[in-house]
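Results of the structural survey
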Amino acid sequence: MQKPIIGIVSPCFNEDLVLNETSNQLNTILSDLIAKNCISEKSFAVFVDDGSKDKTWPLIKENSKQLKHIKGLKLAGNVGHQNALLAGLLTFKDEADALISIDADLQDDVLVIEEMIQKFTSGVDVVYGVRKERKTDTFFKKNTALLFYNLMKKMKVNIIHNHADYRLCSQRVLNALAEFNEVNLFLRGIIPTIGFAKDIVYYDRLERFAGESKYPFRKMAAFAWNGVTSFSNYPLKLVTIIGFLIFFFCLIMTGYALFALYAGNVVPGWLSTVLPMYFLGGIQLFCFGIIGEYIGKIYSEVKQRPRYFIDKRVD
């Protein structure tokens, strides 16, 4: 069997503190796999600069000159992690038999890349990197992550538990991914919907090598909400359920109001007017917010604006 060409795609945003180490590790991994005759000498790792404001791009250019297997792709502006990752995958999908996506912070164990490739050469199209456990997470991070995956499950979103964006995709999976034109990207939900043969490799997530996380709680919450509203209409169904529950609750409150009125234990007009007004007003705003979120997504999709522009490339 011909040795496969493997590409590693890593989106970067202000990662100058960790970039040299990541470049060296990925270059070493590829060199070792080539020496073992596991992959082709044409294999590479590409860093996608997502509009960084620090020295990320100059370091990418320097490493591409010094390290044999390192390439770089610079986007014209900051488009977000998912769009930057997509830019790397779609730009290089025709230059490799499979592409592996990995973050630049070195928290995903690069040593399981060999196992991913072994599963790919055995006929698997998608190999998901899944965390064994969350020992390195804080109590808050661990429980919010658990809430995220449980929420996705409840909302009927097809997602791999404890999987982020560390995965191998074959060329035919990437060609299928190119058919998805939506602007509101959630690759963790899109890839599993494509299908084809899949498998999992498990690894222990490591401490961040240097720098700070680019996903604080605010961005994590926004990312989770985007995933829900991009792949599930369950929140809209939830509005109907809430409406029915309010109707049922109002019937009970009506009975209670009449009972209290005859018993003389209530201020006239307060229970029957003020309480339902505030309650129903709050529920209406909540439901309008959910509906508005979906309308906003429709607005974004209808415009069909480009998801990214490529500024420069170095090989």
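So, a few notes on the structure that sits alongside this text. (Residues numbered from 1 in each chain as written. Predicted model: local features only at pLDDT ≥ 70, side-chain atom pairs only at ≥ 80, totals over all residues. Heavy atoms only, no water.)

Looking now at the overall build of the protein. A tally of helices and strands in the protein yields 10 helices and 8 strands. Restricting the contact set of the protein to residue pairs at least 6 apart, pairs at least 24 apart contribute 83%. (Helix = DSSP H or I, 4+ residues; strand = E, 2+ residues; numbered from the N terminus. Contact = heavy atoms within 4.5 Å.)

Quick look at the environment of Pro 276 now. Mapped onto the secondary structure, Pro 276 falls in helix α10 (residues 270-303). Between the C-alpha atom of Pro 276 and that of Ile 246, which follows or precedes it by 30 residues, the distance is 9.8 Å.

Taken as a whole and assessed by the stated rule, the structure comprises 10 salt bridges. Among the ionic pairs, Asp 49 bridges to Lys 74, the shortest N-O distance being 3.4 Å. Taken together, the residues Asp 49 in strand β2 (residues 44-49) and Lys 74 in strand β3 (residues 70-75) connect sequence positions 25 residues apart. Grouping residues by exposure puts Asp 49 and Lys 74 together as buried. One salt bridge in this structure joins Asp 165 and Arg 167, with 2.7 Å as the shortest N-O distance. (Salt bridge = Lys/Arg side-chain N within 4 Å of Asp/Glu carboxyl O. Buried < 20%, exposed > 50% of the residue type's maximum accessible area, 1.4 Å probe, protein only.)

What follows deals with the packing of helix α1 (residues 19-35) against helix α4 (residues 113-121). In contact at an axis separation of 11 Å, α1 and α4 are set at 45° when each is read in the N-to-C sense. The orientation of α1 relative to α4 falls into the category oblique. Seen along the crossing, α1 lies across α4 with a hand that is right-handed. Between α1 and α4, the contacting residues are Leu 26, Ile 29 and Leu 33 on the first element and Ile 113, Glu 114 and Ile 117 on the second. Counted by class, the contact of α1 with α4 contains 5 nonpolar, no polar and 1 charged residues. (Axes fitted to C-alpha atoms, helices over the stretch in contact; angles between N-to-C directions. Parallel < 35°, antiparallel > 145°, perpendicular 65-115°, else oblique. Left-handed = near helix turned anticlockwise from the far one by under 90°. Nonpolar A, V, L, I, M, F, W, Y, C, P; charged D, E, K, R; others polar.)

This part takes up the pairing of strand β6 (residues 163-170). Buried residues dominate β6, accounting for 7 of its 8 residues. As paired strands, strand β4 (residues 98-101) and β6 are joined by 4 bridges and run antiparallel to one another. Looking across to β6, one finds that Ile 100 is bridged to Leu 168. Summarising the sheet, strand β5 (residues 126-131) and β6 pair through 4 bridges and their orientation is antiparallel. In the sheet register, Val 126 faces β6, and the bridge partner there is Cys 169. (Pairing = 2+ DSSP bridges.)

Counting buried positions along helix α7 (residues 187-194) yields 7 of 8 residues, so the element is predominantly enclosed. Of the residues flanking the end of α7, it is Gly 195, one or two places downstream, whose phi is positive at about 95°.

Attention shifts here to helix α3 (residues 81-92). Counting along an α-helix, one turn takes 3.6 residues, and residues three or four places apart therefore face a common direction. Across its 12 residues, α3 extends 17 Å between first and last C-alpha, which sits within 8% of the 16 Å expected from 1.5 Å per residue. Of the residues making up α3, those classed as buried are His 81, Gln 82, Asn 83, Ala 84, Leu 85, Leu 86, Ala 87, Gly 88, Leu 89, Leu 90 and Phe 92. (Expected span 1.5 Å × (residues − 1).)

Our next topic: the side chain of Arg 167. Structurally, Arg 167 can be placed in strand β6. When its relative accessible area of 2% is taken as the criterion, Arg 167 is described as buried. Residue contacts for Arg 167: discarding those within four places in its chain leaves Leu 85, Leu 99, Ile 100, Ser 101, Met 116, Val 127, Tyr 128, Gly 129, Leu 187, Arg 188 and Ile 191.

What follows deals with the environment of Val 124. Assignment of secondary structure puts Val 124 in the loop between α4 and β5. Put simply, Val 124 and Leu 168 are 44 residues apart on the chain and 9.4 Å apart in space, counted from C-alpha to C-alpha. Those residues in contact with Val 124 that lie beyond four places of it in its chain are Lys 119, Ala 197, Lys 198 and Asp 199.

This part is about the sheet that holds β2. Overall, mixed pairing links the 8 strands, which are arranged β7-β5-β6-β4-β1-β2-β3-β8 in an open sheet. A single partner strand is all that each edge strand has here, and the edge strands are β7 (198-203) and β8 (310-314). Shown here is a sheet whose adjacent strand axes are inclined to one another by a mean of 20°, direction ignored. This element, helix α2 (residues 56-66), spans β1 (6-12), β2, β3 and β8 of the sheet and lies at about 150° to β3. Packing against the sheet, α4 makes contact with β1, β4, β5, β6 and β7, and its axis sits at approximately 40° to β6.

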